[in-house]
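Chains, contacts and geometry: an overview
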Amino acid sequence: MRKKTRTYSGTQSQYMSPREQRNRLLARRAAAEGMVLLKNDNQTLPLSQGKSIALYGGGAVNTVKGGTGSGDVNERENVSIWQGLKEAGFQITTEDWLKSFQADYESARNTWKEQIIREAQGLGGAEFFSVYTSHPFQIPSGRKITEADVLKSNTDTAVFVISRIAGEASDRCLSEGDYYFTKAERDNLEYVCRSYAHVILVVNTGAQIDLSFIQEHTGPDA
């Protein structure tokens, strides 16, 4: 019996082939067509070109582009909602809050990674995967949004992005920070809804998330 040698189709070349360029356009089109508009009160959407936007939420900075395990793909780069809105010509007026979240995310991610490495010391294969899946990474909520943030943003429109990572098997749980919003996320979203005339909630998740609490107060327009 011949042992099968596994091969990989990836490349470390910096040259982007015509096939990759075509696939980038196809992926962009699939992402746009895969979005679902659940609500659009007061004709909040579409936003006018070049409009100033107060952008909040962890998903604005670390937008989930896939999942874990079989839900993940390797790519040269991916575009966050923050980057995409800027490249589309919108004026993002809350970059201090976004940069603060970015620092919180990197710190939390490093702490999580160190814990996985420490507990999986010397393990491999299925044992390592068991340690990895039993410690799902929870995206931070970001610091509390304040009156100073709102005043500095100088706009009537806010976009709040909530993200969750999803993969397979043991990756989801019925807890805050996963299926449910954390208290900090709820408080921030409620404050944004009270502070801006128009609010758009973007749900950037690989699976279900509970949104029922939004009905308890004056929720997002879109």
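I will try to describe carefully the structure that is included in this document. A quick note: this is a predicted structure, and the numbers were derived from the prediction, not measured. (Residues numbered from 1 in each chain as written. Predicted model: local features only at pLDDT ≥ 70, side-chain atom pairs only at ≥ 80, totals over all residues. Heavy atoms only, no water.)

1. Observations regarding the pattern of salt bridges
The cut-off we apply is this: Only one rule defines a salt bridge in this text: a Lys or Arg side-chain nitrogen within 4 Å of an Asp or Glu carboxyl oxygen. For helices the rule is a DSSP run of H or I covering at least 4 residues; for strands it is a run of E covering at least 2, with both sets numbered from the N terminus onward. Classification of residues uses two cut-offs on accessible area relative to the type maximum, computed with a 1.4 Å probe and protein chains only: under 20% is buried, over 50% is exposed, and between them is partly exposed.
Summed over the entire model, instances satisfying the criterion amount to 11 salt bridges. With a closest N to O distance of 3.0 Å, Glu-33 and Arg-29 form a salt bridge. Residue Glu-33 and its partner Arg-29 are located together in helix H1 (residues 18–34), separated by four residues, close to a single helical turn. Residues Glu-33 and Arg-29 agree in their burial class; the two are exposed. Its salt-bridge partner being Asp-41, residue Lys-39 comes within 3.7 Å of it at the nearest N-O pair. A residue is classified by how much of its surface remains accessible, and Asp-41, at 37% relative accessible area, is partly exposed.

2. A few points about unusual backbone geometry
Following Leu-45, the chain continues into Pro-46 via a peptide bond in cis, with omega recorded as 0 degrees. Even without glycine at this site, Gln-43 takes up a positive phi of about 50 degrees. Residue Gln-43 is classed as exposed on the basis of its relative accessible area, which comes to 74%. Phi at Asn-154 takes a positive value of approximately 50 degrees, unusual for a residue other than glycine. Position of Asn-154 relative to the elements: it lies in the loop between helix H6 (147–153) and strand E3 (157–164).

3. Focus on the packing of helix H4 (residues 95–119) against helix H5 (residues 125–133)
Filter applied, for reference: Fitted lines through C-alpha atoms serve as axes, helices being fitted only where they are in contact, and the angles separating the N-to-C directions of these axes extend from 0 to 180 degrees. Here a crossing is called left-handed whenever its near helix is offset anticlockwise from the far helix by less than a right angle, and right-handed whenever the offset is clockwise. Two residues form a contact once any of their heavy atoms are found within 4.5 Å. As a working rule, the residues Ala, Val, Leu, Ile, Met, Phe, Trp, Tyr, Cys and Pro are called nonpolar, Asp, Glu, Lys and Arg charged, and the rest polar, with Gly in that last group.
Taken N-terminus to C-terminus, the directions of H4 and H5 make an angle of 145 degrees; their axes are 10 Å apart at the nearest point. Note on packing geometry: the crossing formed by H4 with H5 is right-handed. Contacts between H4 and H5 involve Trp-112, Ile-116 and Glu-119 from the former and Phe-128, Val-131 and Tyr-132 from the latter. Of the residues belonging to the contact of H4 with H5, the class tally is five nonpolar, no polar and one charged.

4. What about the pairing of strand E1 (residues 52–56)?
To be explicit about the condition: Any two strands are treated as partners once DSSP identifies two or more bridges connecting them.
Where burial is concerned, most of E1 is hidden: four out of the five residues are buried. Here E1 runs beside strand E2 (residues 91–92); their pairing, made up of two bridges, is parallel. Each bridged residue has a counterpart across the sheet, and for Ser-52 the counterpart in E2 is Gln-91. Judged from the three bridges that link them, E1 and E3 form a sheet pairing that is parallel. Across the sheet, the residue bridging to Ala-54 is Ala-158, located in E3.

5. Details of the pairing of E3
Of all the eight residues making up E3, eight are buried; the element is thus mostly covered by neighbouring parts of the structure. Of the two faces of E3, the one holding Thr-157, Val-159, Val-161 and Ser-163 and the one holding Ala-158, Phe-160, Ile-162 and Arg-164 are both buried throughout. Sheet analysis places E3 next to strand E4 (residues 198–205), joined by eight bridges and oriented parallel. Looking at the pairing, Val-159 lines up with Ile-200 of E4.

Read these as geometric descriptors, not functional statements.
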